[in-house]
Structure formats: structure tokens, C-alpha cells
Amino acid sequence: MKNNLKVLGIVFIAVVAAFCSDQAFAWNDHGHMTVAYLAYQRLTPVARARVNMLLKLNPKYNDWAATVDTQVPGAAAADKDMMIFMIAATWADGIKRDSAYTQDGSQGGNRPDGSPDPTKNTGYDDMLMHKYWHFIDTPFSRDGSALPATPAPNAQDRIALFRSVLASASPDPLKSYDLTWLLHLVGDVHQPLHASTRVSKADPEGDAGGNLVKLDCSKCELHFFWDDLLGTENDLPSVIRDGKELPRANAALAGKSDEKVWIAESFRDAQRTVYASPVGPGDGPFTLTPQYKARALKLAKKRVALAGARLAALLNTELK
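Residues numbered from 1 in each chain as written. Predicted model: local features only at pLDDT ≥ 70, side-chain atom pairs only at ≥ 80, totals over all residues. Heavy atoms only, no water.

**As for the packing of helix α3 (residues 29-42) against helix α6 (residues 77-88)**
Logical step 1: Relative to each other, α3 and α6 sit at 140°, their axes nearing to 8 Å. In terms of axis orientation, α3 runs oblique to α6. Where α3 crosses over α6, the handedness of that crossing is right-handed. Residues Met33, Ala36, Tyr37, Ala39, Tyr40 and Gln41 of α3 touch α6, and the partners they reach there are Ala78, Asp81, Met82, Phe85, Met86 and Ile87.
Logical step 2: Among the residues forming the contact of α3 with α6, the class breakdown is 10 nonpolar, one polar and one charged. (Axes fitted to C-alpha atoms, helices over the stretch in contact; angles between N-to-C directions. Helix = DSSP H or I, 4+ residues; strand = E, 2+ residues; numbered from the N terminus. Parallel < 35°, antiparallel > 145°, perpendicular 65-115°, else oblique. Left-handed = near helix turned anticlockwise from the far one by under 90°. Contact = heavy atoms within 4.5 Å. Nonpolar A, V, L, I, M, F, W, Y, C, P; charged D, E, K, R; others polar.)

Encoded structure:
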């Protein structure tokens, strides 16, 4: 087993590189796979069987299965299903670098304006990237700047749509597509910078979820810092190890099932914790203190644990 694990990091990074974009995401692959790992532990046997079957309809399923086979030869069938579920949670980011997909919309694809069909939901025949589905830029300002409208479609209305499809009599190919998006988007909206944008005189249209806020390091922004908080090791054993060490989600909070509540929490956390000292007005660069980093890590662990619990509850109760 140890020999198998020696090549794990290299192999997984090579495979995931084919699925990922160099643009900032909400949580990195480690974070998204952690959400999926936590969710899978809470799925009922019926829900597990259903998601396992639906994921087989994704065009990347064989690649995911091959990745698991390469990394962990001889893995038990149940463990293999779990790890495929984890990798599937990164698919929505991966299509951003897949040449088969078209970058639609304006501002590098991050706004729905100009897309030929921004609300399209027909399944895997849809070859648009839909980058603007990954977040909801809820604006706030601390200098009295006028707030722009929140672009739509966005993560909030897509989650509402996709979960309604899972609960409907829609055909399985569409449910597979919407399921794979949900595995990702539920994690996305628990990252505070995917539910907020700070509007100011410096950034009258918002700071793109912290992507315009610079830190005092080479090629790093506030958004990237938050994406990487859970870790940057993308091999499956490391993700599983770290997932097991996370504190269990608060039961009362985990029971909140409305995606609007999840997003409101992230929006509040952005204002209270993300844009707190030493992150000041303007776009920096700012130097993050050990105290800031400690608070950020504590919040990130809480949000990822909640995302996993809530994703499981959604699938257990709504997937037909």
C-alpha cells in the first residue's frame, strides 16, 4: 500500500490538472473533495446507490474510475464509489480548462451577459462553461458607494433549480448533470467570497469576490488565500485524512436546508471575518497576521463541515 501511495500525489495532480482552471475557485480541489467526502459518510444506503448510478452517466466517469484504480489498486468497491464521488465534486471547475467547452458570457465568462443561453439546463449536451453559476456576487459597501445589481443566473438560483430536478421525474441523464453541478455548488456557496463582493470607489462594480484584493506575496489574492485554507494536497488519502480530522458540523446549523440561508451566512462571514483587519479599504496589498489566518482557518473548517452535512441532507431527502 505504501508503494502505491508514493505515486499518488503525482498521478492525481496530473489527472486533476486536466479538469481544472487557473482561475480562482471557491475552495480548491482539496476543499471540494473534502465536502464530498463528508457528505458521502452521511448518505443513506439508498442515496449512495442512486448517486453512484447517476455519476456513471457523466462523460468523465471512466477517467475518474481509472484514477482511483491507478492510485489505490484493489480498493474495495464501496471505497472506490466514495472516491469517485469525491473527484466528481471537482468536475464543474474542470470543464473551465476543457477545450471541448466554450467560455460564454462577458468578463472572462464570469458574467452571464452575452452568453447564448445562460440558463440552459439540458444535460451533458450543454458545452458551455457557465462560470457565473459558481457564485453569487451579493454586493456590500463600507464607503457609501452605490451597489450594483446582483447578476443572474447565479449559484443561488442554480442550486434551487438543480435540487428541484433531482426531486422530480426528470430523466436520469439530466439528473446526473444537475447532481454533478450540485456536488460542487453546495461547496462553492459555503466559501464566503463566493457569496459576496465588496463595492468601493476603487471597485465600483465590486472586487470580484476578493480576486482584486492583493496580498503581500507574489501572484496571490485574498480569494486564493481562502480557497487554499483547507490544504493543497490533492491526493485522495490526504483529503480523506484531513476530512476525518474536521470537527463535526453543528447539528442545528446542519439542519438548515435553504440555500438562501447558506448564502446569507457566507455573506455575513465575508463582512465579519474575510474583510476584517488587516484587510482594509482598497485593493491592498495587505499583510495577513497569524491571528487573521487562525480565524480564517477556523471558519473555513466550520463552513466545509456544514457544506458536507447539508449536501448529504439534500441528497438523502430530495434525490428521487
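What follows continues from the structure just given.
**Looking at the pattern of salt bridges**
Logical step 1: Within this structure, the stated rule accounts for 17 salt bridges.
Logical step 2: When the shortest N-O distance is used, the salt bridge between Arg163 and Glu259 registers 2.7 Å. Here Arg163, found in helix α8 (residues 155-166), pairs with Glu259, found in helix α13 (residues 259-274); they are 96 residues apart in sequence, far enough to count as distant. Taken as a pair, Arg163 and Glu259 share a single burial class, namely buried.
Logical step 3: Measuring nitrogen to oxygen at the nearest pair gives 2.5 Å for the salt bridge that ties Arg163 to Glu318. Of this pair, Arg163 sits in helix α8 while Glu318 is found in helix α14 (residues 290-318), placing the two residues 155 residues apart along the sequence. Glu318 carries the same exposure label as Arg163, and that label is buried.
Logical step 4: One salt-bridge network, in which partners are shared between bridges, spans Glu265, Arg268, Asp269, Arg303 and Arg310. (Salt bridge = Lys/Arg side-chain N within 4 Å of Asp/Glu carboxyl O. Buried < 20%, exposed > 50% of the residue type's maximum accessible area, 1.4 Å probe, protein only.)

**Focus: the side chain of Asp235**
Logical step 1: Its place among the elements puts Asp235 in the loop between α10 (222-227) and α11 (236-245).
Logical step 2: Lacking a salt bridge, the buried Asp235 has Arg241 as its closest oppositely charged neighbour, with an N-O distance of 6.2 Å.
Logical step 3: Looking at Asp235, its side chain comes within polar contact range of the side chain of Ser238, at 2.8 Å. (Lys, Arg positive; Asp, Glu negative; His and termini not counted. Polar contact = N/O pair within 3.5 Å; in protein donor to acceptor, adjacent residues only side chain to side chain.)

**Some points on the state of the cysteines**
Logical step 1: Inspection of every chain in the model, using the stated rule, returns one disulfide.
Logical step 2: Each sulfur in the disulfide pair Cys217 and Cys220 lies 1.5 Å from the other. One disulfide, between Cys217 and Cys220, carries an S-S torsion of 120° and so falls in the right-handed class.
Logical step 3: Here Cys220 falls in the buried class, since its relative accessible area comes to 13%. (Disulfide = S-S within 2.5 Å.)

**Observations concerning the nonpolar core**
Logical step 1: In this structure, Phe85, Met86, Leu222, Trp226 and Leu315 are the most contacted members of the largest nonpolar core, which totals 82 residues.
Logical step 2: A total of 10 residues in this core trace back to one element, the largest contributor, which is α14.
Logical step 3: In this structure, Leu222 is in contact with Leu193, Gly210, Val213, Leu215, Val274, Tyr275, Val279 and Tyr292, ignoring residues within four places of it in sequence.
Logical step 4: Among the nonpolar cores identified, the runner-up in size contains five residues, and Ala254, Ala305, Leu306 and Ala309 belong to it. (Core = buried A, V, L, I, M, F, W, Y, C linked by side-chain atoms within 4.5 Å.)

**As for the environment of Ile240**
Logical step 1: As for its placement among the helices and strands, Ile240 is situated in helix α11.
Logical step 2: For the pair Ile240 and Thr289, spaced 49 residues apart in sequence, the C-alpha to C-alpha distance is 29 Å.
Logical step 3: Contacts of Ile240, omitting those with residues within four sequence positions, involve Tyr37, Met82, Met83 and Met86.

**Some details on unusual backbone geometry**
Logical step 1: Cis rather than trans, the peptide bond between Ala152 and Pro153 has omega equal to 5°.
Logical step 2: Within the secondary structure, Pro153 is located in the loop between β1 (139-141) and α8.
Logical step 3: Note the cis peptide between Gly284 and Pro285, where omega equals 15°.
Logical step 4: On the secondary structure map, Pro285 appears in the loop between α13 and α14.
Logical step 5: Phi at Gln107 takes a positive value of approximately 50°, unusual for a residue other than glycine.
Logical step 6: Mapped onto the secondary structure, Gln107 falls in the loop between α7 (91-94) and β1.

**Regarding the packing of aromatic side chains**
Logical step 1: For the structure on display, the rule yields 13 aromatic pairs.
Logical step 2: Relative to Tyr275, the ring of Phe140 has its centre 5.4 Å away and its plane inclined at 70°; by these criteria the two rings are edge-to-face. With Phe140 in strand β1 and Tyr275 in the loop between α13 and α14, the pair connects residues that are 135 residues apart, well separated along the chain. You'll find Phe140 and Tyr275 in the same group, each marked buried.
Logical step 3: Ring centres of Phe225 and Tyr292 lie 6.1 Å apart, and the angle between their planes is 45°; this geometry places the pair in the tilted category. Of the two residues, Phe225 is situated in helix α10 and Tyr292 in helix α14; the sequence distance between them amounts to 67 residues.
Logical step 4: Among the aromatic residues, ring-to-ring pairing joins Trp91, Tyr101, Tyr124, Trp133, Phe162, Tyr177 and Trp181 into one connected group. (Phe/Tyr/Trp six-rings, centres within 6.5 Å; stacked < 30°, edge-to-face > 60°.)

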